[in-house]
2 protein chains.
Amino acid sequence: MGGYRGRILRVNLTDKCIKTEGLKLELAKKFLGGRGLAGKMFTEEVPTEVDAFSPENKVFIAAGTLTGTKAPTSGRFMVVTKSPLNGTLAASNSGGFWGPQLKFAGYDMVVLEGKADAPVYLSIEDDKVEIKDAAHIWGKDVYETTSILKAEFGDDQAKVLTIGPAGENLSFMASVMNDLYRAAGRNGVGAVLGSKNIKAIIVRGTGRVEHAEPNALNEVLTDVLNKIQENGVTSQGLPTYGTAILVNIMNENGVYPVNNFQESYNENADELSGETMTEKYLVKKESCYRCPIACGRYCDWEEGEGGGPEYESVWVFGSNCGVQDYQAIHQANDLCNRFGLDTISVGVTIATGMELFQRGYIKTEELEGTPLEFGHAQGMVEWIRKIAYREGLGAKMALGSYRLAKGYGAAELSMSVKKQELPACDPRGVQGQGLSYATSNRGGCHVRGYSIPPEILGTAEKPDRFSIKGKAKTVKASQDLSAVIDSVGLCLFSSFALGLSDYKKLINAITGFDYTDEELLACGERVWNNERLHNLRIGYTKADDTLPKRFLKEPIPSGPSKGHVHRIEELLPEYYTVRGWTPDGVPSSEHLNALGM
Amino acid sequence: MGGYRGRILRVNLTDKCIKTEGLKLELAKKFLGGRGLAGKMFTEEVPTEVDAFSPENKVFIAAGTLTGTKAPTSGRFMVVTKSPLNGTLAASNSGGFWGPQLKFAGYDMVVLEGKADAPVYLSIEDDKVEIKDAAHIWGKDVYETTSILKAEFGDDQAKVLTIGPAGENLSFMASVMNDLYRAAGRNGVGAVLGSKNIKAIIVRGTGRVEHAEPNALNEVLTDVLNKIQENGVTSQGLPTYGTAILVNIMNENGVYPVNNFQESYNENADELSGETMTEKYLVKKESCYRCPIACGRYCDWEEGEGGGPEYESVWVFGSNCGVQDYQAIHQANDLCNRFGLDTISVGVTIATGMELFQRGYIKTEELEGTPLEFGHAQGMVEWIRKIAYREGLGAKMALGSYRLAKGYGAAELSMSVKKQELPACDPRGVQGQGLSYATSNRGGCHVRGYSIPPEILGTAEKPDRFSIKGKAKTVKASQDLSAVIDSVGLCLFSSFALGLSDYKKLINAITGFDYTDEELLACGERVWNNERLHNLRIGYTKADDTLPKRFLKEPIPSGPSKGHVHRIEELLPEYYTVRGWTPDGVPSSEHLNALGM
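Note that the structure is a prediction, hence the values are computed from the model and not measured.

Calculation criteria
- Residues numbered from 1 in each chain as written.
- Chains lettered and ligands numbered in written order.
- Predicted model: local features only at pLDDT ≥ 70, side-chain atom pairs only at ≥ 80, totals over all residues.
- Heavy atoms only, no water.
- pLDDT = per-residue confidence, 0-100.
- Pairing = 2+ DSSP bridges.
- Helix = DSSP H or I, 4+ residues; strand = E, 2+ residues; numbered from the N terminus.
- Axes fitted to C-alpha atoms, helices over the stretch in contact; angles between N-to-C directions.
- Disulfide = S-S within 2.5 Å.
- Buried < 20%, exposed > 50% of the residue type's maximum accessible area, 1.4 Å probe, protein only.
- Contact = heavy atoms within 4.5 Å.
- Buried area = accessible area lost by both parts, 1.4 Å probe.
- Salt bridge = Lys/Arg side-chain N within 4 Å of Asp/Glu carboxyl O.
- Polar contact = N/O pair within 3.5 Å; in protein donor to acceptor, adjacent residues only side chain to side chain.
- Least-squares fit on C-alpha atoms with pLDDT ≥ 70 in both.
- Parallel < 35°, antiparallel > 145°, perpendicular 65-115°, else oblique.
- Left-handed = near helix turned anticlockwise from the far one by under 90°.
- Nonpolar A, V, L, I, M, F, W, Y, C, P; charged D, E, K, R; others polar.
- 1 Å grid on protein atoms, 1.4 Å probe; cavity = no way out; pocket = protein on both sides within 12 Å on 5 of 7 lines; lining within 4 Å.
- Points joined across faces, edges and corners; volume = space filled by probe spheres on them.

This part covers the confidence of the model for chain A. For chain A, the mean per-residue pLDDT works out to 97, and 100% of the residues sit at or above 70. Reported confidences for the modelled complex are a pTM of 0.93 and an ipTM of 0.89.

Residue and element names in this part refer to chain B. Taking strand neighbours across the sheet as the criterion, the 6 strands line up as β2-β1-β6-β3-β4-β5 in an open arrangement whose pairing is mixed. Two strands lie at the open edges of the sheet, namely β2 (17-22) and β5 (89-94), each paired on one side alone. For this sheet the average axis-to-axis angle between neighbouring strands, irrespective of direction, equals 15°. Sheet topology places strand β1 (residues 7-12) next to β2; 6 bridges connect them, and they run antiparallel. Bridge pairing in β2 places R7 opposite G22.

Let us now look at the state of the cysteines. All names here are of chain A. All chains considered together, the criterion is met by 0 disulfides over all chains. With no disulfide of its own, C321 lies closest to C336 among cysteine sulfurs, the gap being 10 Å. For the unlinked cysteine C491, the closest cysteine sulfur is that of C291, found at 6.2 Å. Since its relative accessible area comes to 14%, C491 is described here as buried.

All names here are of chain B. Most of strand β4 (residues 77-82) is tucked away: 6 of the 6 residues are buried. Residues F77, V79 and T81 line one face of β4 and the alternating positions M78, V80 and K82 line the opposite face, and both faces are buried. Note: strand β3 (residues 59-63) against β4, 4 bridges, orientation antiparallel. By the bridge assignment, I61 is partnered in β4 with V79. Here 6 bridges tie β4 to β5, and the two strands are oriented antiparallel to one another.

So, about the interface of chain B and chain A. Taken residue by residue, the interface counts 38 residues in chain B and 38 residues in chain A. Summing both partners gives a buried area of about 3,300 Å² for chain B against chain A, and 36% of it is carried by carbon and sulfur. Counting every contact that joins chain B to chain A gives 2 salt bridges. The salt bridge involving D300 of chain B is made with R290 of chain A; its shortest N-O contact spans 2.4 Å. Connecting chain B to chain A are 26 residue pairs in polar contact (both at pLDDT 80 or more).

What follows concerns the relation of the copies chain B and chain A. Least-squares fitting of chain B to chain A yields an RMSD of 0.0 Å, with the superposition described by an axial translation of 0.0 Å and a rotation of 180°. Such values leave the two copies arranged in the relation of a two-fold axis. Of the C-alpha atoms belonging to chain B, the one lying closest to the rotation axis is found on A151 of chain B, 3.1 Å away. By residue overlap, the copies meet face to face through one surface: 100% of the interface positions of chain B are interface positions in chain A.

Here the focus is the sheet that holds strand β14 (residues 296-301) of chain A. All names here are of chain A. Read from one edge to the other, the open sheet built from 3 strands follows the order β13-β14-β15, with strand pairing classed as antiparallel. Each end of this open sheet is capped by a strand with a single partner; those strands are β13 (282-286) and β15 (304-307). Across the sheet, the mean angle from the axis of one strand to that of its neighbour is 15°, orientation sign disregarded. Taken together, the 4 bridges between β14 and β15 define a ladder with antiparallel strand orientation.

Attention now goes to the packing of helix α13 (residues 343-358) of chain B against helix α14 (residues 377-388) of chain B. Residues and elements named next belong to chain B. Close contact between α13 and α14 brings their axes to 11 Å; oriented N to C, the two are set at 115°. Compared by their axis directions, α13 and α14 come out roughly perpendicular. For the pair α13 and α14, the sense of crossing is right-handed. Contacts between α13 and α14 pair V346, I350 and M354 from the former with M380, W383, I384 and I387 from the latter. Tallied by class, the residues present in the contact of α13 with α14 amount to 7 nonpolar, no polar and no charged.

For the rest of this paragraph, the subject is the layout of surface pockets. Residues and elements named next belong to chain A. Its boundaries defined by the atoms lining it, the second largest pocket holds a volume of some 880 Å³. Secondary structure elements with two or more residues in the lining of the second largest pocket: α18 (452-457) and α19 (471-488). Of the residues forming the lining of the second largest pocket, the biggest block, 9 residues, is contributed by α19. Tallied by class, the residues present in the lining of the second largest pocket amount to 15 nonpolar, 10 polar and 6 charged.

Right under this line is the structure:
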């Protein structure tokens with residue numbers, strides 16, 4: 001067998017018990033690895049009603065089937081746990097080099113259980129696994145922690161995954177960071193590590209992942225690398241300008257949110273574009289493990305240098321906070337990386353605060369001198385620090401925009417789905433993306449069925465983005481395919497150039513399995529339904545498959561998408577039908593049986 | 001003034017005196033920075049007849065005019081000193097991040113004088129400069145030294161330049177390494193540091209380089225970045241496949257040397273191509289400071305992982321040693337990086353040894369059990385270690401192929417010019433490149449007037465590569481332009497997309513000077529003539545402007561360039577005329593006056 005290493009490392013932090021167990025191959029065949037397998041194990045092992053911060057919650061840090069192999073973009077892994085932000089089956093994805101290193105050390109997954117009585121970190125060096133005292137790094141930021149642990153470990157090839165102060169302080173927006181600048185950003189997964197008193201995992205492996213059919217694989221690799229090379233997005237757009245190449249594109253389509261989604265067009269967007277970043281700030285491109293695209297950025301600015309910012313971060317600390325200042329965007333992004341905070345949720349939450357202040361909900365005296373107005377760059381930066389350390393109003397913000405707005409009786413001002421903040425696309429101008437948002441199992445999110453490639457970029461054929469026709473079907477297909485890609489440990493950006501059959505060929509050549517296209521997509525559908533079933537068990541209903549009222553009732557006020565609202569109520573029944581769910585959005589038992597669940 | 005920081009750091013290792021002095025701006029206007037300015041200072045300050053290892057020799061480690069600025073590819077610096085390999089004015093170029101960091105610390109150049117009585121290293125943190133004891137890192141390899149110094153320094157942003165054991169052991173092929181995998185490779189400059197007992201320089205700067213005309217610069221940047229993006233070599237070939245994209249191209253032109261240049265076509269070259277590397281071994285692309293190209297590679301292989309290999313290294317440890325084994329190429333490249341050895345000179349010297357053995361000059365008993373046959377991969381790898389530590393026959397090899405072959409009475413088997421080994425292009429199939437080799441001021445070298453872009457790739461118009469018509473003129477122009485690019489601190493690869501006027505615009509916008517195209521090219525010509533004058537002073541003559549006999553007398557035996565020899569004797573008179581030199585290759589005083597020298 002190739003791809004999988006066949007071993008799972010299970011670490012109980014309460015009793016300091018470390019053991020390895022075999023990967024359940026039958027389960028892996030049905031749910032693949034990463035997001036799928038870890039999600040399935042989560043639903044089997046973790047009681048439904050457990051609190052995210054309970055020792056009974058578990059964290060599954062799972063490499064994918066192909067992570068650490070020769071497959072292009074195979075650098076990814078998933079942090080799966082119960083989300084403190086919204087109770088969903090959190091599955092936060094990250095790239096870089098940590099996941100492959102875990103595979104090299106001989107493990108497909110680390111399961112963290114229980115709760116340490118004092119801060120610890122985990123050190124993995126092939127078969128040598130130790131729980132170590134973390135008193136000296138608790139309180140340190142992500143950069144400091146990484147540096148200290150690497151120096152102590154004494155091997156530059158060791159990779160560090162860590163939380164920052166925000167995770168220690170249990171912010172619902174805390175990320176898990178790795179390789180300094182890569183983030184498993186969403187759903188507050190960093191706070192779950194914080195609640196368990198585990199600061200970091202350093203890993204070094206000297207093994208290799210097997211490839212079942214090397215000769216067949218070489219042919220597939222030639223083919224998929226050519227496709228990546230021939231595709232304009234993966235060979236030109238993303239490598240040259242990074243993900244922020246989307247700034248101008250989204251803005252020109254009038255779906256680039258401004259001031260907490262009050263508007264959707266920024267006439268000065270180009271000042272904050274990927275093109276401008278490349279000219280003025282780009283020091284070098286960064287790539288994750290075996291990625292031919294290298295969309296990652298490393299920039300310098302007046303006060304510092306560091307990884308990023310990505311498109312979402314440029315947007316959220318720029319236009320969405322009304323800030324027209326690249327220096328402030330760099331600073332804000334850097335602070336989020338240092339503190340271990342999700343840029344999307346933090347930026348949208350600050351923008352929500354700005355709108356609450358604009359509309360008089362938040363009073364000046366609550367601000368304790370820190371400005372919270374759209375466009376106030378240095379105020380924005382200061383709030384990030386206050387969120388990380390839960391100071392003043394920052395303590396309320398640390399729980400996310402939904403709880404913040406609801407606290408002022410204005411929940412509708414939180415631009416979120418299932419309490420998680422929405423990213424940088426106004427759903428009113430991209431009907432499919434809005435359906436993805438509304439039905440995303442982990443709440444507001446752009447990487448659970450990504451409609452920008454077809455509806456904005458027209459990578460294959462380009463459907464009318466304002467139309468709802470056929471969108472239920474394409475969104476469902478995209479969601480299931482994304483679940484496959486996430487579960488095997490590849491990057492979603494590979495899908496600009498590759499399709500289901502390409503993934504199948506890679507998976508089969510590496511694992512030695514013989515999936516058909518249909519069987520592989522069925523794996524993705526299982527992953528999706530497993531996550532849905534969890535949501536239903538904890539009380540989410542059809543009523544939660546929706547968007548903030550703003551998108552349903554208020555037409556976009558200006559710009560190229562002026563006049564449009566999102567038509568989720570029309571889309572949802574068809575989506576449920578396509579999914580084989582009841583009109584209430586419940587997977588039918590027939591459908592689950594047919595999927596072999 | 002922008003670009004320059006205006007300060008030079010002068011360190012006397014004998015008396016441990018450290019001082020800063022002002023940059024001589026009038027000199028910089030005429031010779032630019034980097035290679036040009038340092039070369040001029042070398043000829044003014046260092047006595048002509050001094051031995052390379054004498055304390056009287058000096059090392060000028062010089063950033064360029066634009067190093068550390070927003071100009072694309074502005075990551076480069078030069079190590080200028082007298083070469084132990086051939087006495088020439090060595091100017092070895094490297095990229096990465098060390099050079100920009102020196103500028104950030106506030107210096108355009110470090111001058112090392114004298115000789116320490118025990119191993120030391122230099123620590124630079126802005127204005128805090130210290131000579132420190134290096135007993136604990138003397139003997140360590142490049143990776144170990146880098147790791148130890150960074151950990152001691154305690155700031156991940158610090159950049160390390162160091163020699164390896166080969167430099168300590170005074171190999172004439174020792175490189176100066178920086179940022180782990182970047183090499184100022186040629187002319188044995190690493191041994192000069194070794195002779196002075198200076199192991200390393202760690203530098204951290206928190207300042208910035210000024211840009212004299214930021215608005216004008218933004219326009220220029222937009223333009224030059226577009227040109228780099230629109231050029232197939234800089235936006236597709238090099239980023240996707242690295243420099244080793246040249247393997248198949250050069251081989252298809254029949255100028256890809258095999259077995260120490262005995263043949264020039266390898267029918268299995270694709271097994272060792274950049275395309276194959278990308279499929280099988282590429283972990284990530286690496287870029288130098290502000291480089292949109294990112295031709296650097298980071299690979300893994302069966303036994304390890306690390307930076308490179310580049311085209312020259314793939315060739316020299318592959319086809320040129322008759323080795324058809326990528327694992328061995330990776331190993332050999334890695335060892336050269338660790339030991340601080342120039343891959344080109346080392347590989348050609350081993351290949352020379354192989355031919356000496358093939359022809360019976362070297363006897364089996366001299367090998368002490370280590371095979372030295374074309375195609376013996378593990379023997380080749382073992383000889384690298386023996387060269388670094390000067391063991392057995394490795395001690396002779398450590399002085400380069402010319403001294404090795406001459407020692408056996410067969411100097412003509414050294415594929416070198418002015419005692420320095422030739423790189424991966426058979427000059428018989430590219431007449432202009434052969435002229436560049438023969439007239440390169442530092443000896444055999446492909447980056448002092450690079451004829452592959454026009455004659456093989458046809459980047460502008462494509463002259464007949466077998467013809468000598470017009471080549472003297474184009475080579476002279478290319479040599480002078482290269483001198484400009486080297487002196488301002490940009491990467492030669494930018495010239496695939498950019499021309500003289502582009503460089504002029506960048507330089508003027510950043511420095512605030514107002515060079516015309518002609519004035520700028522005259523700077524390059526001054527740099528060239530200054531180096532030439534040094535060579536003449538130390539005894540090189542017209543007779544040294546030639547190629548190994550093989551290229552003049554033996555036609556290429558097979559492949560697409562079959563039947564050709566190099567016509568240096570026909571080219572040279574025209575070249576001297578174009579250069580404004582006498583028929584003996586001496587710059588005329590009229591010409592020097594006209595150049596303002």
